[in-house]
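# Notes for the structure review
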Amino acid sequence: MKIGILCYPTFGGSGVLATELGMALSDKGYEVHFITYKQPVRLTLGFHPNIYFHEVKVPTYPLFDFPPYETALTSTMVDVILNQNLDLLHVHYAIPHASAAYFARQILRKKGRDIPFITTLHGTDITLVGRDATYEPVVTFSINESDAITAVSQNLKEETLREFQIEKDICVIPNFVDIKRFHQTDKRHFKQMLAPEGEKILVHVSNFRAVKRVPDVIRIFQKVHAEVPSKLLMIGDGPERQAAEDLARSLNLYHDIRFLGKQEQISEILSIADLFLLPSETESFGLSALEAMSCMVPLISSNTGGIPEINIHGKTGFLSPVGDVDDMAANAIGLLTDDAKLTLFKKNAIAHAKKFEKQHIIPLYEKLYCRVLKEHSAEKNARLLCNTKKHE
Ligand code: GMT
């Protein structure tokens, strides 16, 4: 089967998940074609003979204040589908991928070629951006036009049905983790460098957007640090990073917080971590947290969105109301000062992460692809029959 994957190529969770899915499918013998404007970040990990990358070039012109990416994406898709003879499109993050896929499908139908597309909803395409009136009609339409819809958590499915007029079933296929890559390894030398006095290590990984509540991370750490010798590692980059660095300085914590920027080998850093902080405003799933759990790192998180589906309160970590920095800090201190409990939570974290191991989740996508292709060919035959009847 030849599958086209549309995604954002950046460090965001949807692009990471799409890339991991593409790599896993290619390992199983599928031919995977990524169509996006830059090589996806996780695709740099090793050589995958079944993977193709088609760069979307967006020519500029003095007239354009906003170069029309969606038009360039659609045209590239049409070209790739025709020339590479793709069977199926799987688009990650509705905006603008679902509407581009719909448009490409319509163009191809005019050329006598039909291809189904599946839309996977990831989170902010629904919870933040998608429901903005500027995008909502296009998002609703293109989700409904998808041949199948998936959501990465039960919570995101419910949220989508609440916020949009969806006429089709939404299938929940949770995000997954590759435990062979995300597991704890012996990185004592790193730990020695970053926490030379045996301090506990807390980690936050994100794209530093407002929705992640990065200042809460710093404030939780401030309280923990006052009670427990500790260091905080901040991984990632984004619009809130400078403010977070300023806050760390103003709280006189800068020497105990390391801003490490974007990192490719996150599992090495997670291997030395004791706790992962995720105080997000909203979070449909929390892929970075799952990857942390897979490396035996318990979570201190908010109880929003789909997070409770991965962080089991009192077992793999603790959940608190959004913004309740005091509660999150108290939970963190409670764990970090009780070695037996921390060890137990670390074991629970990996045990729960195993439920989301890629070998359990990839077959769900494969099954969906087969179902969609089957339904689509039946639909196509029915449409051909109708057209023939019309002309009789
Ligand atoms: O804001 C982000 O975290 C990035 C965003 C994305 O689409 O790239 O992540 C969303 O999709 C991830 C992968 O499915 C989920 O793990 C994240 O929870 C989700 N982010 C939010 O809902 C805020």
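On a predicted model such as this, the values are computed, not experimentally measured, just so you know.

This next bit is on the site of the ligand. Around the ligand sit 18 residues in total, of which His-122, Asn-175, Lys-212, Glu-283 and Ser-284 are the nearest. Here an oxygen atom of the ligand sits 2.7 Å away from a polar atom, N or O, in the side chain of His-122. Contacts to the ligand include Gly-286, whose backbone N or O atom sits 3.0 Å from an oxygen atom. Here the ligand has 480 Å² of accessible area as a free molecule, and 96% of this is covered by the chains.

For Ser-146, the position within the fold is in the loop between helix 5 (136-145) and strand 6 (148-151). For Ser-146, a relative accessible area of 0% gives the class buried. Within the structure, the side chain of Ser-146 is placed 2.9 Å from the backbone oxygen of Ser-142, a separation counted as a polar contact. Among residues more than four places away in sequence, those in contact with Ser-146 are Phe-117, Thr-119 and Lys-168.

Pairing within the open sheet is parallel, and its seven strands lie in the order 3-2-1-4-5-6-7. Each having just a single partner strand, strand 3 (51-55) and strand 7 (170-172) make up the two edges of the open sheet. Across this sheet, the average inter-strand angle for adjacent strands is 25°, counted without regard to direction. Looking at chain direction, strand 2 (residues 31-36) and strand 3 are connected through five bridges and run parallel. In the sheet register, Val-32 faces strand 3, and the bridge partner there is Ile-51. Each of strand 5 (117-121), strand 6 and strand 7 is contacted by helix 6 (residues 154-163), which is oriented at about 165° to strand 7, the strand it contacts most.

For the protein chain, the assigned domains are domain 1 (2-176 + 358-390) and domain 2 (188-355). Distance between the C-alpha centres of domain 1 and domain 2: 32 Å. Taken together, the contacts link 23 residues of domain 1 with 18 residues of domain 2. Taken over both partners, the interface formed by domain 1 and domain 2 buries close to 1,400 Å², and the fraction arising from carbon and sulfur atoms is 59%. A per-residue breakdown of the area domain 1 buries against domain 2 is headed by Phe-11, Asn-155 and Asn-175, which together make up 31% of the total. The interface formed by domain 1 and domain 2 holds one salt bridge in total. Among the ionic pairs, Glu-291 bridges to Arg-42, the shortest N-O distance being 2.9 Å. Scanning the region where domain 1 abuts domain 2 turns up seven residue pairs in polar contact (both at pLDDT 80 or more). At the level of elements, helix 1 (13-27), helix 4 (124-127), helix 6 and helix 15 (358-391) are the ones that each hand at least two residues to the side of domain 1 that touches domain 2. Among the residues forming the side of domain 1 that touches domain 2, the class breakdown is 10 nonpolar, 12 polar and one charged.

The next subject is the nonpolar core. Counting 92 residues, the largest nonpolar core has Met-77, Leu-89, Val-203, Leu-270 and Phe-276 as the members making the most contacts within it. Residues lining this core come from more than one domain, with at least three contributed by each of domain 1 (2-176 + 358-390) and domain 2 (188-355). Leave out the neighbours within four places in its chain, and Phe-276 touches Val-203, Val-205, Leu-270, Ser-288, Ala-289, Ala-292, Val-297, Pro-298, Leu-299 and Ile-300. Counting 30 residues, the second-largest nonpolar core is a separate cluster that includes Leu-232, Ile-257, Met-328 and Ala-332.

Glancing now at the packing of aromatic side chains. One pass over the structure, following the stated rule, counts eight aromatic pairs. Measuring from centroid to centroid gives 5.5 Å for Tyr-8 and Tyr-93, while their planes differ by 85°, and the two rings are edge-to-face. With Tyr-8 in the loop between strand 1 (2-6) and helix 1 and Tyr-93 in the loop between strand 4 (88-92) and helix 3 (94-110), this residue pair connects regions lying 85 residues apart in the sequence. What makes Tyr-93 buried here is its relative accessible area of 12%.

Structurally, Met-23 can be placed in helix 1. Note on Met-23: relative accessible area 5%, which makes it buried. In this structure, the C-alpha to C-alpha distance between Met-23 and Gln-192, residues 169 residues apart in sequence, is 34 Å.

This brings us to the sheet that holds strand 8 (residues 200-205). One open sheet holds the six strands; their spatial order is 10-9-8-11-12-13, and the pairing between them is parallel. Of all the strands in the sheet, the pair left with one neighbour each is strand 10 (257-261) and strand 13 (317-320). For this sheet, the mean angle separating the axes of adjacent strands, direction not counted, is 20°. Two elements, strand 8 and strand 11 (residues 275-278), share two bridges in a ladder whose sense is parallel. When the bridges of strand 11 are listed, Val-203 appears paired with Phe-276. Here helix 14 (residues 339-353) sits on the sheet in contact with strand 8, strand 11 and strand 13, set at roughly 90° to strand 13.

What counts and what doesn't
Each residue is numbered by its place in its chain's sequence as written, counting from 1. Side-chain atom pairs in this predicted model are given and counted only at pLDDT of 80 or more, local residue features only at pLDDT of at least 70, and totals for whole chains, interfaces and linings cover all residues. Working from all heavy atoms in the structure, the side-chain values ignore hydrogens and water. Residues are counted as near a molecule or strand when any one of their heavy atoms sits within 4 Å of it. Nitrogen and oxygen atoms within 3.5 Å of one another constitute a polar contact, given that in protein one can donate a hydrogen and the other can accept it, and given that sequence-neighbouring residues count only through two side-chain atoms. Under the convention used here, a 1.4 Å probe and the Shrake-Rupley method define accessible areas, while residue burial counts only the protein chains that appear. Under the DSSP-based scheme used, a helix requires at least four consecutive residues in state H or I and a strand at least two consecutive residues in state E, with every element numbered from the N terminus. Accessible area is worked out with a 1.4 Å probe on protein chains only. A residue is then buried under 20% of its type maximum, exposed over 50%, and partly exposed in between. We call two residues in contact whenever any of their non-hydrogen atoms come within 4.5 Å of each other. One requirement defines pairing of two strands: DSSP has to find at least two bridges between them. To obtain each axis, a line is fitted to C-alpha atoms, and for helices this fit is confined to the stretch in contact; angles are then taken between N-to-C directions over 0 to 180 degrees. Start and end positions for the domains come from either an automated domain assignment or a database one. Accessible area that two parts lose when put together, evaluated with a 1.4 Å probe and summed over both, is termed the buried area. Salt bridges are defined by distance alone: a side-chain nitrogen of Lys or Arg within 4 Å of a carboxyl oxygen of Asp or Glu. Think of it as three bins: nonpolar holds Ala, Val, Leu, Ile, Met, Phe, Trp, Tyr, Cys and Pro, charged holds Asp, Glu, Lys and Arg, and polar takes everything else, Gly as well. In these notes, a set of buried Ala, Val, Leu, Ile, Met, Phe, Trp, Tyr and Cys residues joined through side-chain atoms within 4.5 Å is what counts as a nonpolar core. Stacked, tilted and edge-to-face are the three classes applied to pairs of Phe, Tyr and Trp rings, where Trp contributes its six-membered ring and a pair requires centres within 6.5 Å; stacked means planes under 30 degrees apart, edge-to-face means over 60, and tilted covers the rest.

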